[in-house]
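Structural features, examined
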Amino acid sequence: VIERLPSGSVLQTVQTRNIGGSITNANATLTDTGISLSITPSSTSNKILITANFTGTSTNGNSAGGTLYALYRNGTTNVFSGGVNGDGMLEYNSNASAYNHSVSQLSYLDSPSSTSATTYGIYTKRIGSGTAALQRDWGGVTMIAMEIKG
């Protein structure tokens with residue numbers, strides 16, 4: 001039956017939700033938040049559409065900066081590699097020592113070329129001198145992975 005579906009068909013969907021408290025990071029290097037999900041593609045030619053929705057937060061101790069968010073495959077490959085300003089999505093804060101909150105989304109259509117379980121995780125790092133955070137207490141973090149027929 002799957003063989004007869006057209007390219008672009010959704011074959012499976014996996015979702016995870018993480019709520020309660022915030023995950024902070026004062027590191028200037030991308031660090032695992034511990035929020036992830038796994039999906040097992042049925043064919044090496046299929047793609048995985050991964051999305052993550054959350055509230056991003058940063059505070060920057062009297063200087064402009066923000067938080068960089070990235071998606072990693074299997075803890076080793078930044079799927080945004082080659083992007084501007086550290087390979088991810090930037091939540092920017094120019095409000096001196098105040099906290100900045102942003103509704104954030106990461107999306108990426110990945111080609112893992114694998115039929116093994118593939119794990120996608122959210123990583124963060126601070127930009128500037130403050131602290132990066134992922135707010136789980138304001139609606140939580142929702143991640144969805146969809147296998148798309150190639």
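As a starting point, this report considers the structure included with it.

What to know about the overall build of the chain
Looking only at helices and strands, the chain features 0 helices and 11 strands. The N-to-C order of helical and strand elements in the chain reads β-β-β-β-β-β-β-β-β-β-β. Expressed as a percentage of the 150 residues in the chain, the buried residues total 41%. Taking all contacts inside the chain whose residues are at least 6 apart in sequence as the whole, residues at least 24 apart take part in 82%.

Concerning the nonpolar core
Where a protein is soluble and globular, its nonpolar side chains tend to be buried together. If you look at the biggest cluster of nonpolar residues, it comprises 22 residues, and the most contacted ones within it are Phe 54, Leu 71, Leu 106, Ile 122, Leu 134 and Met 143. With sequence-adjacent residues up to four places away left out, Leu 71 is seen in contact with Ile 50, Thr 77, Asn 78, Val 79, Phe 80, Leu 106, Tyr 108, Gly 121, Ile 122 and Met 143.

With respect to the environment of Ala 145
Within the fold, Ala 145 resides in strand S11 (residues 141–148). For Ala 145, a relative accessible area of 0% corresponds to the buried category. For the pair formed by Ala 145 and Ile 39, sequence separation is 106 residues and the distance between their alpha carbons is 6.9 Å.

Notes on the side chain of Ser 104
Relative to the helices and strands, Ser 104 is located in strand S8 (residues 100–110). Residue Ser 104 is classed as buried on the basis of its relative accessible area, which comes to 5%. Setting aside chain neighbours within four positions, we find Ser 104 in contact with Ala 52, Asn 53, Phe 54, Gly 56 and Met 89.

Considerations on the pattern of salt bridges
By the definition in use, this model includes 1 salt bridge. Between Arg 73 and Asp 110 there is a salt bridge, and its shortest N-O distance comes to 2.6 Å. Taken together, the positions of Arg 73 in strand S5 (residues 65–73) and Asp 110 in strand S8 put the pair 37 residues apart, joining distant regions of the chain.

Things to note about the packing of aromatic side chains
Each pair of aromatic rings is reported with the distance of its centres and the angle of its planes. This structure, assessed with the given rule, holds 2 aromatic pairs. Summarising the aromatic geometry, the rings of Phe 54 and Tyr 69 are spaced 4.8 Å apart at their centres and angled 55° between planes, so their arrangement reads as tilted. Taken together, the positions of Phe 54 in strand S4 (residues 47–59) and Tyr 69 in strand S5 put the pair 15 residues apart, joining distant regions of the chain. Taking the relative accessible area as the measure of exposure, Tyr 69 reaches 0% and is therefore buried.

Remarks on the pairing of S4
When you tally the buried positions in S4, you get 10 out of 13 residues, the bulk of the element. Two elements, S4 and S11, share 7 bridges in a ladder whose sense is antiparallel. When the bridges of S11 are listed, Ala 52 appears paired with Met 143. Bridge count for S4 against strand S10 (residues 131–135) is 5 bridges, and the pairing is antiparallel.

What about unusual backbone geometry?
With phi around 55°, Asn 74 is a residue other than glycine that occupies positive phi space. For Asn 74, the location among the structural elements is in the loop between S5 and strand S6 (77–78). Phi at Ser 113 is positive, roughly 50°, even though this residue is not glycine. Here Ser 113 lies in the loop between S8 and strand S9 (118–127).

Rules behind the numbers
- Residues numbered from 1 in each chain as written.
- Predicted model: local features only at pLDDT ≥ 70, side-chain atom pairs only at ≥ 80, totals over all residues.
- Heavy atoms only, no water.
- Helix = DSSP H or I, 4+ residues; strand = E, 2+ residues; numbered from the N terminus.
- Buried < 20%, exposed > 50% of the residue type's maximum accessible area, 1.4 Å probe, protein only.
- Contact = heavy atoms within 4.5 Å.
- Core = buried A, V, L, I, M, F, W, Y, C linked by side-chain atoms within 4.5 Å.
- Salt bridge = Lys/Arg side-chain N within 4 Å of Asp/Glu carboxyl O.
- Phe/Tyr/Trp six-rings, centres within 6.5 Å; stacked < 30°, edge-to-face > 60°.
- Pairing = 2+ DSSP bridges.

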